[in-house]
Amino acid sequence: TWWNPGMRRFGAFLAGLGFVTFIDEIGKFITHDNDYFFKPTAMILYTLFMLLFLAARSLIGNRPLTVREERVNSSLRALFPGPGNAISSRIEIYFRAREKLAELYRKVALNRWFKRLLITLFIVMGVSALVTVARALIGDPNIDPGLSLAQMGASGASNICILTGIWFLRKSRLKAYLWFKRSVLINIYITQLFVFYHSQFAGLGGLAQYLFLYFALHFMIDQERSASHSG
């Protein structure tokens, strides 16, 4: 976990090989009749993935290095040569592409149609989430009332964040983006649990859209913060 990114990736690969050999058959382990097609399987897998992700994120980068570890790192860096031309060129290409994207965003963000597009996008997202919840509840009349209340609460909280973001969009793009990001996070961490429960692995498409939206908002927030600091 703390050695270096290469070892983290290698460790994750080895752990994944062992984890995946049984986790997709979790329905067999938690049901009396060894039901491989146990309906909540996708939701359980997604929950475990989120817990592993949050646990890893809490460990990596949040523990400061001790004085001894900093000395060891400095000594190790002195033993290895600097990056080669190929690595340097790849890094340079990355930063050039990022800067081009930042320039494009700065030009687009000043247009009035961009705000309208954002408002339309998040309104559609909020209405779509409500329709998904309604269809799930109507399609399963025997669903637990507590589960129904949790779904409606998550959808309502997400839509409140969207409306708050739309209201802030007139005054501050940064504040609006932060509220939109909160809405997306609610959908990723809570709403998607119920989507996987009802739709199983068909919910992966919606998750991919939310993840794309999350990374786009993260980039836009970084740009707005950089602009505020430079201004």
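These lines cover the structure that appears in this document, whether it is placed above or below. These numbers were taken from a predicted model, which means no experiment stands behind them.

Structurally, the position occupied by Phe194 is in helix 8 (residues 173-199). Classification of Phe194 as buried rests on a relative accessible area of 11%. Apart from residues no more than four positions distant in its own chain, Phe194 is found in contact with Leu147, Ala150 and Gln151.

Close contact between helix 6 (residues 112-139) and helix 7 (residues 145-168) brings their axes to 10 Å; oriented N to C, the two are set at 170°. Viewed along their axes, helix 6 and helix 7 adopt a mutual orientation that is roughly antiparallel. Facing helix 6, whose interface residues are Ile119, Phe122, Ile123, Met125, Gly126, Ala129, Leu130, Val133, Ala136 and Leu137, helix 7 presents Ser148, Gln151, Met152, Ser155, Asn159, Ile162 and Ile166.

Residues Met7, Phe10, Phe13, Leu14 and Leu17 make up a contiguous nonpolar surface patch of roughly 510 Å² in combined accessible area. Along the chain, Phe13 turns up in helix 1 (residues 5-23).

Right, let's talk about the side chain of Thr31 for a bit. Secondary-structure assignment places Thr31 in the loop between helix 2 (26-30) and helix 3 (41-59). In terms of polar contacts, Thr31 uses its side chain to reach the backbone carbonyl oxygen of Gly27, at 2.5 Å.

If you walk through the whole model with that rule in mind, you get four salt bridges. Residue Glu25 pairs with Lys28 through a salt bridge whose shortest N-O separation is 4.0 Å. Overall, Glu25 belongs to the partly exposed group, its relative accessible area being 27%. Using a relative accessible area of 32% as the deciding quantity, one classes Lys28 as partly exposed. A salt bridge links Glu224 to Arg173; its shortest N-O distance comes to 2.9 Å. On the criterion of sequence distance, the pair formed by Glu224 in helix 9 (residues 204-230) and Arg173 in helix 8 is long-range, its members being 51 residues apart. Residue class for Glu224 comes out buried when judged on its relative accessible area of 12%. Judged by its relative accessible area of 23%, Arg173 is partly exposed.

With that settled, the discussion passes to the environment of Tyr177. Considering the arrangement of structural elements, one finds Tyr177 in helix 8. Accessibility expressed as a relative area gives 0% for Tyr177, which makes it buried. Ignoring any residue separated from it by four or fewer positions in sequence, one finds Tyr177 in contact with Tyr105, Phe114, Leu118, Leu169, Leu217, Met220, Ile221 and Glu224.

One recurring pattern in soluble globular proteins: nonpolar side chains tend to sit buried together. Counting residues in hydrophobic clusters, the biggest one holds 30 residues, and the most contacted among them are Phe114, Phe122, Tyr177, Val184 and Leu217. For this core, the secondary structure elements donating two or more residues are helix 3, helix 5 (85-109), helix 6, helix 7, helix 8 and helix 9. Sort the elements by how many residues they give to this core and helix 9 lands first, with eight residues. Leaving out residues up to four positions away in the same chain, Val184 has contacts with Phe122, Met125, Tyr210, Leu213, Tyr214 and Leu217.

Below, the discussion takes up the packing of aromatic side chains. In total, this model carries eight aromatic pairs according to the counting rule given. Seen in terms of ring centroids, Trp113 and Phe114 are 6.3 Å apart; in terms of plane orientation they differ by 85°. Their pairing is edge-to-face. Residue classification places Phe114 among the buried residues on the basis of a relative accessible area of 11%. With centroids separated by 5.5 Å and ring planes inclined at 70°, the aromatic side chains of Tyr214 and Phe215 adopt a geometry described as edge-to-face. Each member of the aromatic cluster is reached from another via a ring pair, and the members are Phe19, Phe22 and Phe29.

We now examine the side chain of Gln151. You can see Gln151 is positioned in helix 7. For Gln151, a relative accessible area of 3% corresponds to the buried category. Every residue in contact with Gln151, bar those within four places of it in the chain, is listed here: Val133, Ala136, Leu137, Ile143, Phe194 and His198.

Conventions we followed
Residues numbered from 1 in each chain as written. Predicted model: local features only at pLDDT ≥ 70, side-chain atom pairs only at ≥ 80, totals over all residues. Heavy atoms only, no water. Helix = DSSP H or I, 4+ residues; strand = E, 2+ residues; numbered from the N terminus. Buried < 20%, exposed > 50% of the residue type's maximum accessible area, 1.4 Å probe, protein only. Contact = heavy atoms within 4.5 Å. Axes fitted to C-alpha atoms, helices over the stretch in contact; angles between N-to-C directions. Parallel < 35°, antiparallel > 145°, perpendicular 65-115°, else oblique. Patch = residues over 30% accessible without salt bridge, like charges linked within 9 Å, V, L, I, M, F, W, Y side chains within 5 Å. Areas by Shrake-Rupley, 256 points an atom, 1.4 Å probe, with all protein chains shown as cover. Salt bridge = Lys/Arg side-chain N within 4 Å of Asp/Glu carboxyl O. Polar contact = N/O pair within 3.5 Å; in protein donor to acceptor, adjacent residues only side chain to side chain. Core = buried A, V, L, I, M, F, W, Y, C linked by side-chain atoms within 4.5 Å. Phe/Tyr/Trp six-rings, centres within 6.5 Å; stacked < 30°, edge-to-face > 60°.

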